[in-house]
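A look at the structure
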Amino acid sequence: MRDAWLGMALAVTLLAAAGVLAAPQSATVTLHVATDGNDAWSGTPAAPNAAGDDGPLATLAGARDAVRALKQGDTLTGPVNVLFRSGMYPVTESVVFGPEDSGSEDSPIVYAAYPGEKPVISGGREITGWAPQNEGPLWVTDAPEGLRDPATLRQLFVNRERRRMARSPNTGQFAMRGKAAPAVDPETGGEIDLSKSAFRFVGGDLENWPDLRNANVVVYYNWETGLYPIKSVDVESSTVHVGGASKWPFTQHVGRQPYYVEGTVAALDEPGEWCLDPEREHILYYPMPGETPDNTTFIAPVCEQLVVLIGEPDAGIPVSHISFRGLRFMYGACHLEPEGHCDWQAAYEIPAMIQADGAANCSVEDCEIAHYGQYGVWFRRGCKGNRVAGNHIHDMGAGGVRIGLGGRASRAANETDHNVISNNYIHGSGEVYAGCVGGVWVGQSSDNTITHNDICDTTWMAVSVGWSWGYAPTTAHRNEIGYNHLHHIGRWLQPDMGAIYTLGLSPGTRIHHNWIHDVTAGGIYPDEGSSDIVIESNLVHDVLHGGLTVHYGRNILARNNIFAFGWSGQIHLGRRDKESSIKLERNIVYFDHGDLFRRECDLESDYNVYWHANEETLWFPVDLSFEDWQATGHDVHSLIADPLFEDAAARDFRLKPGSPALKLGFQPLDLSEVGLTGSPEWVALPKAIERSRISFADLPEAKPQMIDDGFEDSPVNATVDGANTHGEAGSARIRVTAEQAASGEHSLRFEDAAGLDFSWNPHVYYMPNLPSGLVRLSYDLRLEKGAIIANDWRDGSSPFRTGPSLSVDAEGVLTANGQEIATLPTDTWVHIEVTNGLGKLATGRYELKVAIPDRPEIALTDLPGNAAMKSLRWLGFVSNAEDTAVFYLDNVKLEVVKE
């Protein structure tokens, strides 16, 4: 029966889409729902009758039950339209639809807005009783029962606008100082690893506020966020302990990891903020200018999921042919677990306001979904032939639409496929869970169509398809992503992303005719194992990391695309992988900043046009001239030539007659159909919000970082502040110690070990982001026998270029870029200084001073470095031993001595 249902559902979907099937003429039943209705009435009249004994129904649940009763009476022979009049329809618990509530191909059931009216299905509760406090600007009211827990009351909407929970700092984020020092187990004397449950903050950023246990820290990772309740703050050690555990050690991916604090009354200091005071059972609000208790309406969400469809795909019994049209679903809650919340990626565990399992041929169309704490619509397990179309989805705690699950279905009946997500305007996502996919997420699901959507103003990615890392088998095949307008994607804090992102084997997947721009990371990003994908006829411009960013994958074809105005690079080829296969054909690459290619993955490339707007020399992997690159068999027919855009500066990428790209077979892009379709009012809606072009000139992460650290302010056993500590395993570690010090009491102890995966572990690196100047690095070094050390300067190119490079072998021999300098003694502090020019002062030569006690100072002024390394983006100290070995570092200082 299951296989028969699968085949029939798919056949019906395809035939109906083709116009082959037509519903027979039959009577349509119309029911009405109104705020002055009664669920005991028939619902047939649109308004209460004069006798007051019949009229419209009152609720969504009552309407469902009325339709269910009609079906049980076996009186339905045609479609059912349930029409909602204007007004607010509260939902305090999820309205569940099962197979018994299904329509059919001939008799669909539609829950819709009455023509010309705008009913709201609301999961919120109005909060009243506001009055000014005795002193100060705040208003106060009693928190209603059920909304007195900070984990439950997490959103407040005033006059249909989201108001921010009190937070500190008010703008931007704090930066973690470093990892917390391990605690000592009182029973065993061993260490308790606190790297996932505590971190050190900069003094003054956090205080031991009276209501601290009601507050959370919101932590940004490179591609996710974590929300953790605060357990305690130790002001003396500047350490905060959180409830639950992070997925990753704090500061693992970035030394000065960003975070902020929310939910403490101490942070309630700016108009538009609110806070719960659970001790007094009060809600506090700082009004906006012009607001009075009489002209404001407060709504707090209480119901998490408003509509849930539950079919039985295992038994071949779907919930089917139910549609929601023209309704406004608003004010959905999000509750924080006692241990906090963090997903591995994409806010995967977060549910949706409208959620379905085992749904077939159902739809959510022309609805508004807004002011919610989680995702909008999710067709999860065993969902086939459904539509999400023409919806306005905005102000979301997470993202817009989700299709499928992350794991592969064990049975075909549980697979989700052949769904359509089209013509939706999705914006303002990630307001609670910033690591969400802001627009459309597709997991292990095939044959879905994602077209003509306008997705913007997201905290993270716009579209993500696939959920398998590497080359494992998948069921994410033949997905189409086309004619979408994706813009203003990302907010700087999570750099590992792309506007369109893919994962895993995706045979038949096609990404085409998308217009992508203003992205604070990559444009189109095939990540780990993305394979068998065609990327064609897309326009990608004004992105940070490049129009095409490939990690690794097989059989990726990028053809007939325009990649323009990437900031740091244009095409990022990812890592080398023996199975990788990437082909670039008939693309136009046009830029005025950054590198042409980043990294050096194997690829095929030909018939492309490359052009630097300032007519600078182009370099190909790895630092090859165009002629040398062609000699390797790449881009034999390609050109370095102006493609002759109509007006590239104004972002008009139409080609003039005579463009060299046309001569190479490039097909002009017709993007007139990109984005929303339909009425002029609907198509123009995204333009109602004025958005300026993102400027990459002042990157938040590119601010220069000076270093002046003697490790005196770091606790013993902590990792180094303001840097990334990598490769600790077993006894291999890099920690602050009081065992030795060149001055003061502390230094940084490096301990290597046998059996590590890589010889360069453990290591620590800073990211100074210095673009220019005469720069001096100084530090004190103390060797123990057998230590092997490297100290490298690197730029931000890909592959990186190394400038000054010092190393010490197991015998203590110090070399500088391969030139032997001296033999360093063990158990003795040695002072080293390196001075090197960057930017316009880069000469390819650098100075070195080495001060060894009881010896004449070594001063070399003309050591060979690398003139091509013009910026300092990475500064590392590496333990390269392959057995147990120890050395110490102290008084690390990096300074610009001449601008």
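The structure contained in this document is the topic of the report that follows. Sequence positions are assigned chain by chain, starting from 1 and proceeding in written order. It should be noted that, the model being predicted, local features are given only for residues of pLDDT at least 70 and side-chain atom pairs only at 80 or more, the latter also being counted only at that level, while totals for whole chains, interfaces and linings use all residues. Hydrogens and water molecules were not included; the side-chain quantities draw on all heavy atoms of the structure.

What to know about the packing of aromatic side chains
Under the pairing criterion, centres of Phe, Tyr and Trp rings, with the six-membered ring standing for Trp, must be within 6.5 Å; the plane angle then separates stacked pairs below 30 degrees from edge-to-face pairs above 60, leaving the rest tilted. Counted by the stated rule, this structure contains 42 aromatic pairs. On the basis of an interplanar angle of 75° and a centroid distance of 5.7 Å, the ring pair of Phe-97 and Phe-324 is categorised as edge-to-face. Here Phe-97, found in strand E4 (residues 95-97), pairs with Phe-324, found in strand E27 (residues 322-325); they are 227 residues apart in sequence, far enough to count as distant. Side by side, Phe-97 and Phe-324 carry an identical accessibility label, which is buried. Each ring, one from Phe-750 and one from Phe-887, has its centre 4.3 Å from the other, and the planes form 15°; the classification is stacked. Here Phe-750, found in strand E69 (residues 747-752), pairs with Phe-887, found in strand E80 (residues 885-898); they are 137 residues apart in sequence, far enough to count as distant. Like Phe-750, the residue Phe-887 is buried in the burial classification. One aromatic cluster is present, built from ring pairs that chain together Phe-174, Phe-199, Tyr-228, Phe-250 and Tyr-259. By definition, being over a ring means that NZ of Lys or CZ of Arg is both within 6 Å of the ring centre and within 35 degrees of the ring normal. Directly above the aromatic system of Trp-378 lies the positively charged group of Arg-380, at a separation of 5.3 Å from the ring centroid. Between the NZ or CZ atom of Arg-402 and the centre of the ring of Trp-441, over which it lies, the distance is 4.6 Å. Strands are runs of DSSP state E lasting at least two residues, helices are runs of H or I lasting at least four, and both sets are numbered from the N terminus onward. The cut-offs for exposure are 20% and 50% of the maximum accessible area for each residue type, with area from a 1.4 Å probe on protein chains only; residues under the lower value are buried, those over the upper are exposed, and the others partly exposed.

Things to note about the sheet that holds strand E51 (residues 522-526)
Note on pairing: two strands pair once DSSP finds at least 2 bridges between them. Pairing is parallel in the open sheet, where 12 strands are placed in the order E4-E25-E30-E34-E37-E41-E45-E48-E51-E54-E57-E60. The open sheet is flanked by E4 and strand E60 (595-598), the only strands paired with a single partner. Along the sheet, successive strands turn relative to each other by an average axial angle of 10°, direction set aside. Residues are treated as being in contact if the distance between any of their heavy atoms lies within 4.5 Å. Each axis is a line fitted through C-alpha atoms, and for a helix only the stretch in contact is used; angles between axes span 0 to 180 degrees, taken between their N-to-C directions. Lying over the sheet, helix H2 (residues 60-72) contacts E4 and strand E25 (307-310), oriented at roughly 25° with respect to E4.

Structural notes on the pairing of strand E1 (residues 29-33)
Of the pairings in the sheet, the one linking E1 to strand E2 (residues 80-84) comprises five bridges and is parallel in character. Along E2, the bridge assignment pairs Val-33 with Phe-84. For the handedness criterion, the strands are oriented away from the viewer, and a crossover whose path from the first strand over the helix to the second runs clockwise is classed as right-handed. At this point the chain moves from E1, through H2, to the parallel E2, and the crossover so formed is right-handed.

Here we look at the nonpolar core
Within the largest apolar cluster, 136 residues are counted, with the highest numbers of intra-cluster contacts made by Tyr-111, Tyr-259, Phe-324 and Phe-329. If we ignore the near neighbours within four places in the chain, the residues touching Phe-324 are Phe-97, Tyr-111, Val-307, Leu-309, Phe-329, Ser-363, Val-364, Glu-365 and Cys-367. Ala-723, Leu-872, Leu-889 and Leu-894 belong to the second-largest nonpolar core, a separate cluster that totals 43 residues. In these notes, a set of buried Ala, Val, Leu, Ile, Met, Phe, Trp, Tyr and Cys residues joined through side-chain atoms within 4.5 Å is what counts as a nonpolar core.

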